[in-house]
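Residue strings, one per chain:
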Amino acid sequence: MKFMKLGSKPDTFQSDGNNERYVASELATDITVTVGDVKFYLHKFPLLSKSAYLQKLVASGNEENNDEIQISDIPGGPVAFEICAKFCYGMTVTLNAYNVVAARCAAEYLGMHETIEKGNLIYKIDVFLNSSIFHSWKDSIIVLQTTKSMLPLSEELKVVGLCIDAIATKACIDVSKVDWSYTYNRRKVPEENGNDLNCNGFRNRPVPRDWWVEDLCELEIDLYKRVIMNIKTKGILSHEVIGEALKAYSYRRLPGFSKGVIRSGDVMKYRSTVDTIVWLLPAEKGSVSCSFLLKLLKAAIIVDLGEMAREQLVRRIGQQLEEASVNDLSIRAADGEDVVYDVDTVQKIVKEFLMQDQNAEFESEDNEVQEIRRPGILTDASKLMVAKLIDAYLAEIAKDPNLPLSKFVDLAEMVSCISRPSHDGLYRAIDMYLKEHPGINKSERKRICKLMDCKKLSVDACMHAVQNERLPLRVVVQVLFFEQVRATASSGSSTPDLPRGLKDLNIGSHGSSRSAATHPEEDWDAVATAEELKALKGEIAALRMSNGIGGSERNGGDSRNSVDKVAISKMKGLLKSKRIFSKIWSSKGAQGENSGSDSSESLGSANPEEAKSTPSRNRRHSVS
């Protein structure tokens, strides 16, 4: 802490304990100055010799009552006036970062300029500020904080601006030249944990680029905004460092921000803070993390920030969505809504992400908007990461019993254009939705199941699906077909195309394959019972045995293609077989109620060997 002592005489101001101050002197006082509720019994000569304002008051007063002066609006009140009065008497005055602004403003109020007397108080305070305070990192921050109580005079005297520029200049200095004390407690360093045996360890530790961000968190948001703007204007610090400063300020100034919530308090104050931080965000992509942006968006929703700020955040989040996690995207719905999560906002974010690959537009010299073709700026890796992220997010929101099917399907279809090798995550989300919404009708089950490609399910997912009584029968047949074809295909061979019968199932046009059924569409879209699954798996197992698959394996690789063709041909016959469907429909009438059982196992815990050896067991699996 820097301080300055003015004068050489001892401090002789006395107090009687009744809000009265007087000077210990043999000379009788001849003027009383009342400041607030404190009375100062002083002498005219030392005061009037340095204060133009007091000269004016005494000269304009009545002759009968010119020895009593009322001062009610002096900046800093009695404390600041006492500093000025002591200086007039030549007493020792101690100035520091906490009182220098009040003393400067009070001196300005009293007119203690050089025109009244050389070496007056204003001059000496200005010298102290420029030679000492503004050269100190922490003192500059303290002084800036004290200027708020002295507005607007401290602004008019340029004390605020000088403080801000001094702080910004120091924040932008080369880290190799930083030799002053600063706060840096976000990451514990070894010496702070007591593990560094080197007593000079702290002094020898390299100064980080963002060494200054913690200390600026002490500033109120309006002053903080001006400092950051000044720093950005200088153009020296990177946008990543600016982003780190905004992150540190948010965590310090917004209680609960780290958990994506805002604790109860001054909503207007929090709204101003969030709005300012959004406004200060560097324009460069990656200056802050996607997780931080989503926390800002959650805070903006809670404090009911303006639509423009929220749209800006949505746009920024969409540009780096591949960095997000499911927890980041879990934005709670507004109070009063039936659903748990704000799915609409997530849809807007995904839309912004996908729009990055659209055609760009530019305005030509003729002011005609033209469209140019350009390659997509999104990498396949980022697309795949977002697709997997949305699959996981769908599994999370599927747990909401009030989530409309349309919101689930619409979001899933937004990323359907992104090719991904596995649909296991999407299957898990679909199964979770079916489990949490058992009351949806057949057409809705068909709609949600059409989202996934059965050819892209892993072996474990297939084993789970063929025993999943929540799925429509058409899906079980498709999965079962691909499971059997994959089992007979040679290692590394591609999955064959869908047979015509399965394609018909996929589009809902079954033709003569279900001529024996009265309502083929309804039957296919009904959930598969345990007995139906047993019958299907038994038929295919027998089909494989009758084809002599074991023999084909002994004959070597030359016969594998013929085995695949036989399996596909037999599957086509199976789809048209009245015998198997008569079994299914008869068993459905007797066992249909079994589909309501609620036993479940996780996909990860399913034993593929056990599932293959016991295809007729009546236990359902769940990926939930």
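To keep things clear, this report deals only with the structure shown in the data block. What you are looking at is a predicted structure, and each value in this text was computed from that prediction instead of being measured. (Residues numbered from 1 in each chain as written. Predicted model: local features only at pLDDT ≥ 70, side-chain atom pairs only at ≥ 80, totals over all residues. Heavy atoms only, no water.)

### Observations concerning the overall build of the protein
Assigned secondary structure in the protein consists of 30 helices and nine strands. Counting only residues that meet the buried cut, the protein has 47% of its 624 residues in that class. Considering only contacts within the protein whose residues lie at least 6 apart along the sequence, 70% involve residues at least 24 apart. As displayed, the protein offers around 30,900 Å² of accessible surface, 48% of which is attributable to carbon and sulfur atoms. (Helix = DSSP H or I, 4+ residues; strand = E, 2+ residues; numbered from the N terminus. Buried < 20%, exposed > 50% of the residue type's maximum accessible area, 1.4 Å probe, protein only. Contact = heavy atoms within 4.5 Å. Areas by Shrake-Rupley, 256 points an atom, 1.4 Å probe, with all protein chains shown as cover.)

### Some words on the pattern of salt bridges
Taken as a whole and judged by the stated rule, the model has 18 salt bridges. The salt bridge involving D344 is made with K407; its shortest N-O contact spans 2.7 Å. In this pair, D344 is assigned in helix α17 (residues 343-355) and K407 in helix α19 (residues 405-414), connecting sequence segments 63 residues apart. Among the charged side chains, a salt-bridge network with shared partners connects R21, E82 and K86. (Salt bridge = Lys/Arg side-chain N within 4 Å of Asp/Glu carboxyl O.)

### Describing the nonpolar core
Note on soluble globular proteins: their nonpolar side chains tend to be buried together. Core analysis: the largest hydrophobic core is formed by 159 residues, its most contacted members being L42 and W212. Apart from the residues within four sequence positions on either side, L42 is in contact with F13, V23, T29, D30, I31, V33, L47, F81, A85 and Y89. (Core = buried A, V, L, I, M, F, W, Y, C linked by side-chain atoms within 4.5 Å.)

### Observations regarding the packing of aromatic side chains
Summed over the entire model, instances satisfying the criterion amount to nine aromatic pairs. Considering the side-chain rings of Y53 and Y109, the 4.9 Å spacing of their centres and the 55° angle between planes classify their relative orientation as tilted. A residue pair is termed long-range when its members are at least 10 positions apart, and Y53 in helix α2 (residues 52-60) and Y109 in helix α4 (residues 100-110) qualify at 56 residues. When the ring of Y224 is compared with that of Y249, the centres are 3.9 Å apart and the planes differ by 20°; the resulting orientation is stacked. Remark: Y249 occurs in helix α12 (residues 239-253) and Y224 occurs in helix α11 (residues 221-234); sequence separation between them is 25 residues. In this structure, K170 is placed above the aromatic ring of W180, and the distance from its NZ or CZ to the ring centre is 5.7 Å. One Lys or Arg, R332, reaches over the ring of Y341 and ends 5.5 Å from the middle of that ring. (Phe/Tyr/Trp six-rings, centres within 6.5 Å; stacked < 30°, edge-to-face > 60°. Lys NZ or Arg CZ within 6 Å of the ring centre and 35° of its normal.)

### A short note on unusual backbone geometry
A cis amide bond links L151 with the next residue in sequence, P152, at an omega value of 5°. Structurally, P152 is set in the loop between α6 (137-146) and α7 (153-156). Notably, K158 is not glycine yet its phi reads approximately 70°, a positive angle. Inspection of the secondary structure assignment puts K158 in the loop between α7 and α8 (159-171). Taking relative accessible area as the criterion, K158 reaches 60% and is therefore assigned exposed. One non-glycine residue, D304, lies in the positive phi region at around 60°. Mapping D304 onto the fold places it in the loop between α14 (290-302) and α15 (307-319).

### Quick word on the pairing of strand β3 (residues 20-23)
Across three bridges, strand β2 (residues 13-15) lies against β3 in antiparallel orientation. Residue S15 lies in a different strand from β3, and its bridge partner there is R21. Direction of pairing for β3 relative to strand β5 (residues 38-42): parallel, over a ladder of three bridges. What sits directly across from E20, in β5, is K39. (Pairing = 2+ DSSP bridges.)

### A few points about the layout of surface pockets
For the largest pocket, the calculated volume is near 440 Å³. Lining the largest pocket we find 20 residues, and of these G260, I302, I331, R332 and A333 sit closest to its centre. For the lining of the largest pocket, the secondary structure elements donating two or more residues are α14 and α16 (326-329). If one sorts the elements of the lining of the largest pocket by residue count, α14 sits on top with four residues. Within the lining of the largest pocket, the residues separate by chemical class into nine nonpolar, four polar and seven charged. (1 Å grid on protein atoms, 1.4 Å probe; cavity = no way out; pocket = protein on both sides within 12 Å on 5 of 7 lines; lining within 4 Å. Points joined across faces, edges and corners; volume = space filled by probe spheres on them. Nonpolar A, V, L, I, M, F, W, Y, C, P; charged D, E, K, R; others polar.)

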